[in-house]
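Residues per chain are reported as follows:
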Amino acid sequence: MAVVEVVHLRKSYGPTRAVDDISFDVSDGEIFGLLGPNGAGKTTTVESVVGLRVPDAGAIRVLGLDPTADGPALRDRVGVQLQESALPAKLRVGEALSLYASFYRTPDDPDRLINVLGLAVKSESYFRELSGGQKQRLSIALALIGRPKIAVLDELTTGLDPQARKEVWGLIERLRQDGVTILLVTHDMDEAEHLCDRVALIDAGRVVAIDSPARLAERATGGKQVRFRPSAPFDTTVLTQLPEVRSVEHNAEWVTVSGEGDLVNAVILALAPAGVAAHDVVMSSAALEDAFLALVGNHDELTDGTVAPAPTGPVRDREHRAFQEWRSWSPRRRAGAAAPPRAAFRRLLGTEWRLAVRNPAALVWGFGLPLLLLILFASLPGTTKPDKSFNGLSFFQIYLPVLVALSLALLSLVALPMPLASYRELGVLRRMRTTPVPPSWLLGAQLVLNLALLAVVALLVIVGGGLSSGAHLPRQVPGFLLAFVLGTVTMFAIGLWVASIARTQRAAGAIGGALLYPMMFFAGVWVPQQVMPSWLRDVSQLTGLGAAVDAMQNSIEGHFPSALPLVVMVVWTAAFSWFAVRMFRWE
Ligand code: ADP
């Protein structure tokens, strides 16, 4: 029974036809290899098989399902190891496995897999401390943690030393004994010959041949050869009439017989009745490599162990747009697929928190700076005295919303987009797309974490700061809450937009930073809005953060925020959410 069927698959990236016409099927329990030179279209093919890419033409069925439409139902049953997909630098090996185990309903035991893959001593190590081979083994472990029915493994042993490579091969054979079907991408002939029941040779986006490695070799190179020295002269027709024999050459004292099947036995048995013995018999069977060169042409890169160069430029396919995927997770599309375990979200949240503590820059700024300023201003003489320019309130009271805005700006423009951009850059979001948990949960976990931090800062600043200095709490509580919530939504929408346009973590930092300083200025971090020239104050109130501060200050003074800042925030939110949702990409 075929568990994977690919029929006339075609896929282009702009003008590049990556897959031209590929058809094959993989039987239940089989180890099937896609073998071909770099750039042949193997990765594109398996990425289509696992639903990461939408084919331009052709049909794919995996376990009877369509990977594009039924992705959620498939991801629980197909384990995927992708090329060039990293994890956050400070995630520990054990944590990564437990996290990914929580994504599946019936996961394998992380400790068992860690042992099987020889990672036990590294269980407490950060991802960044692993060698290339250990990273590769962890990646395989993550593909297997959900106890998949089908494992799709791309360049399985790239970067492994010979010993580790043998161990991984052993693991793959044991997996097959457990009934797992394996679809393997490789450009390593040894690997294909050693592991695969059948191999599809791929060249320039097309299947050149499909067969067992041994038969492919025979087909391409005329099969086997037997060389021997006959004990006496004989009539070669004794051999040429054998069904196994294709040709016989007689050179000096050596006879060379080419053919297929059980050639040696057939030759010896045919010679015996003529009273001829074969001495110094040398057998050579064609290797897959010969077949490869014969069928595919002489590609130098075949044996040099390099991996296909990463494509340059952004991937502009519609399938990487988060927007498309969010639609594919709609309840209608999810029909037949069980929802991912809820515990996965708690795990994600816990992991994001630990990672935030291990990279504390964002925490120190977003959390520490506003609190430090709070203490500083509270202890300065004169800041808590009522002042005419602040409508009879003190500078300190006026400044409390500014401190909240400062935290809001740092968390939304720096602490949120930088990890998200880095997750995209590292391939974390891409890896999550192959699991039952959609990558939007990771986005959600980041949002929840930063919102929680903001809520704590806001509470400490407004309640703690207000009470400790004898300043009033906001007199207009509903107005204050409305202003705070709208301001938060506005700034986080801008943060998501930054995450969606920045290709790298550095770019996210640069864009976030470039927005941060003018935003902080207009919010009155350096000069309170109340003492700005009136034209500057007008401009401030048209910025998202300036409007939020103005509305919060209104409520502290005791009246409901005026309409203008509220409308300004709604407009900013609508614009930036629209752009963020449209532009956010997983890759
Ligand atoms: P293989 O896995 O056999 O090395 P790939 O499927 O990675 O082959 O690539 C096939 C062709 O498609 C190559 O020419 C490659 O440069 C191109 N390609 C692959 N991925 C992308 C992409 N995301 N954007 C543009 N071109 C790509």
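Everything discussed here concerns the structure shown above.
Thresholds, definitions, all that
- Residues numbered from 1 in each chain as written.
- Predicted model: local features only at pLDDT ≥ 70, side-chain atom pairs only at ≥ 80, totals over all residues.
- Heavy atoms only, no water.
- Helix = DSSP H or I, 4+ residues; strand = E, 2+ residues; numbered from the N terminus.
- Rg over C-alpha atoms; globule rule 2.2 N^0.38 Å.
- Contact = heavy atoms within 4.5 Å.
- Areas by Shrake-Rupley, 256 points an atom, 1.4 Å probe, with all protein chains shown as cover.
- Lys, Arg positive; Asp, Glu negative; His and termini not counted.
- Charge placed at Lys NZ, Arg CZ, Asp CG, Glu CD.
- Buried < 20%, exposed > 50% of the residue type's maximum accessible area, 1.4 Å probe, protein only.
- Near = heavy atom within 4 Å.
- Polar contact = N/O pair within 3.5 Å; in protein donor to acceptor, adjacent residues only side chain to side chain.
- Pairing = 2+ DSSP bridges.
- Axes fitted to C-alpha atoms, helices over the stretch in contact; angles between N-to-C directions.
- Core = buried A, V, L, I, M, F, W, Y, C linked by side-chain atoms within 4.5 Å.
- Domains from an automatic or database assignment.
- Phe/Tyr/Trp six-rings, centres within 6.5 Å; stacked < 30°, edge-to-face > 60°.
- Lys NZ or Arg CZ within 6 Å of the ring centre and 35° of its normal.

> Break down the overall build of the chain for me, with residues and values.
Assigned secondary structure in the chain consists of 23 helices and 13 strands. On C-alpha atoms alone, the chain measures out to a radius of gyration of 33 Å, which is more than a quarter above the 25 Å that the 2.2 N^0.38 rule sets for 587 residues. Projected onto its principal axes, the C-alpha coordinates of the chain cover approximately 125 × 45 × 40 Å. In the chain, of all internal contacts separated by at least 6 residues, the share reaching a separation of at least 24 is 73%. Summed over its atoms, the accessible surface of the chain is roughly 25,000 Å², and 58% of this surface lies on carbon and sulfur atoms. Taken together, the 54 basic and 54 acidic charged side chains of the chain have centroids lying 12 Å from each other.

> Please give an account of the environment of Pro360 that cites residues and values.
Looking at the secondary structure, you find Pro360 in the loop between α13 (343-358) and α14 (361-379). On a C-alpha basis, the gap between Pro360 and Leu99 in space is 21 Å, while along the polypeptide they are 261 residues apart.

> Could you give an account of the environment of Asp111, naming the residues involved and the relevant values?
Within the secondary structure layout, Asp111 lies in helix α4 (residues 110-116). Since its relative accessible area comes to 51%, Asp111 is described here as exposed. In this structure the C-alpha to C-alpha distance between Asp111 and Ser98, which are 13 residues apart in sequence, comes to 8.8 Å.

> Quick one: what's the story with the site of the ligand, residue by residue and with numbers?
For the ligand, the set of nearby residues contains 15 residues, the closest of which are Gly39, Gly41, Lys42, Thr43 and Thr44. Thr43 places a side-chain nitrogen or oxygen 2.6 Å from an oxygen atom of the ligand. Contacts to the ligand include Thr44, whose side-chain N or O atom sits 2.5 Å from an oxygen atom. Against a free-state accessible area of 560 Å², the protein chains account for coverage of 79% of the ligand. Of all the secondary structure elements, the ones that give two or more residues to the shell around the ligand are β2 (16-27) and α1 (42-49).

> Outline the sheet that holds strand β12 (residues 254-259), supporting the account with residue identities and numerical values.
The strand order β11-β12-β10-β13 describes an open sheet built from four strands, whose pairing is antiparallel. Only two strands of the sheet have a single partner each, and these edge strands are β11 (245-251) and β13 (278-284). Averaged over all adjacent pairs, the angle separating strand axes in this sheet is 20°, with direction ignored. Taken together, the five bridges between strand β10 (residues 224-230) and β13 define a ladder with antiparallel strand orientation. The partner of Gln225 across the bridge, within β13, is Ser284.

> Residues and numbers for the nonpolar core, please.
Counting 124 residues, the largest nonpolar core has Tyr100, Phe103, Leu138, Ile172, Ile182 and Val461 as the members making the most contacts within it. No other element matches helix α15 (residues 395-415), which puts 16 residues into this core. Two domains share this core, each providing at least three of its residues, namely domain 1 (2-213) and domain 3 (346-583). Counting residues in each nonpolar core, the second largest holds 30 residues, with Phe24, Leu52, Val78 and Val152 among its members.

> So what's going on with the packing of aromatic side chains? Which residues, and what values?
The full count for this structure, using the stated rule, is 11 aromatic pairs. Aromatic side chains Tyr100 and Phe103 sit 4.8 Å apart centroid to centroid with 50° between the ring planes, which places their arrangement in the tilted category. Look at Tyr100 and you get buried, because its relative accessible area is 3%. Residue classification places Phe103 among the buried residues on the basis of a relative accessible area of 0%. Centroid distance Phe377 to Phe395: 5.5 Å. Interplanar angle 70°. Geometry classified as edge-to-face. You can see Phe377 sitting in helix α14 and its partner Phe395 sitting in helix α15, a full 18 residues away along the chain. The pair formed by Phe377 and Phe395 is uniform in burial state, with each residue classed as buried. Three or more aromatic residues joined by ring pairs form one cluster here, namely Phe377, Phe395 and Tyr399. Over the ring of Phe127 we find Lys135, and its NZ or CZ is 5.1 Å from the ring centre. Above the ring of Trp254, the side-chain terminus of Arg227 is found at 4.6 Å from the ring centroid.

Limitation: the analysis is restricted to geometry and does not speak to function.
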